[in-house]
Amino acid sequence: KERLHKNPLRVLDSKDEGDQKIVEGAPSILDYLTDDAKKHFETVKSLLDDLGIEYEIDSNMVRGLDYYNHTIFEFITKVDKAELTICAGGRYDGLVEYFGGPETPGFGFGLGLERLLLILEKQGIELPVDSQMDVYIAVLGEGANGKALELVQALRQQGLTAERDYLGRKIKAQFK
């Protein structure tokens, strides 16, 4: 209940049956968009259409963080008859300014990598893993860490796949 006093829109996202009955008859937030917000929303939809990306508009969706403005989104999939959110986010143009910075447009999302991997596993989807590597730098001692990192970065900038030891292992363990 306290969170509903802080952010009344959270009632739209409530799992409580009583709250859901209230929301059923509530007006749609889409009917109260400003002209600027309507134009922004239409542009987002048009761009998604142009890219052939299917979407579903959910006027009851709410992000848990109050700094979002304009469009918010979720990527959802079904696993074992349950809908799971893979990632979610949206626009937050006023966030940097809120913390004392300059007016800065913003957009972001959160993705649970572990959740994504579990969903892929349950759906039987294997990620293509290219285990080939052009160069591996074996690092002998703490003093070589900085130079090994520079060398790996230089190799990567030339288009090679390069890696190095990050765990401070002995040379024998690195060769394995």
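As shown above, the structure is provided for reference.
Residues numbered from 1 in each chain as written. Predicted model: local features only at pLDDT ≥ 70, side-chain atom pairs only at ≥ 80, totals over all residues. Heavy atoms only, no water.

Visitor: Quick question: what am I supposed to make of the sheet that holds strand β3 (residues 107-111) here?
Guide: Working definition: the strands of a sheet are paired by backbone hydrogen bonds and lie parallel or antiparallel to each other. Judged by pairing direction, the sheet is antiparallel, and its three strands sit side by side in the order β1-β2-β3 without closing on themselves. With one partner strand each, in any of the chains shown, β1 (69-79) and β3 form the two edges of the open sheet. This sheet shows a mean twist of 25° between the axes of neighbouring strands, independent of strand direction. Two elements, β1 and strand β2 (residues 82-91), share nine bridges in a ladder whose sense is antiparallel. Directly across from Phe75, in β2, lies its bridge partner Cys87. Against the sheet, helix α3 (residues 35-50) makes contact with β1 and β2, and its axis sits at roughly 40° relative to β1, the strand it touches most. Contacts from helix α5 (residues 113-122) reach β1, β2 and β3, with the element oriented near 140° to β2. (Pairing = 2+ DSSP bridges. Helix = DSSP H or I, 4+ residues; strand = E, 2+ residues; numbered from the N terminus. Axes fitted to C-alpha atoms, helices over the stretch in contact; angles between N-to-C directions. Contact = heavy atoms within 4.5 Å.)

Visitor: Sorry if this is basic, but what is going on with the side chain of Thr71 here?
Guide: Looking at where Thr71 falls in the secondary structure, it is placed in strand β1. With residues near it in sequence (within four places) discarded, Thr71 still touches His40, Phe41, Val44, Gly90 and Arg91.

Visitor: Help me understand the nonpolar core in this model?
Guide: In summary, soluble globular proteins display a tendency toward joint burial of nonpolar side chains. Grouped together as the largest cluster of nonpolar side chains are six residues: Ile137, Val139, Ala148, Val152, Leu155 and Ala162. Setting aside residues no more than four positions away along its own chain, Val152 makes contact with Ile137, Ala162, Glu163 and Arg164. (Core = buried A, V, L, I, M, F, W, Y, C linked by side-chain atoms within 4.5 Å. Buried < 20%, exposed > 50% of the residue type's maximum accessible area, 1.4 Å probe, protein only.)

No statement about biological role is implied by the geometric values presented.
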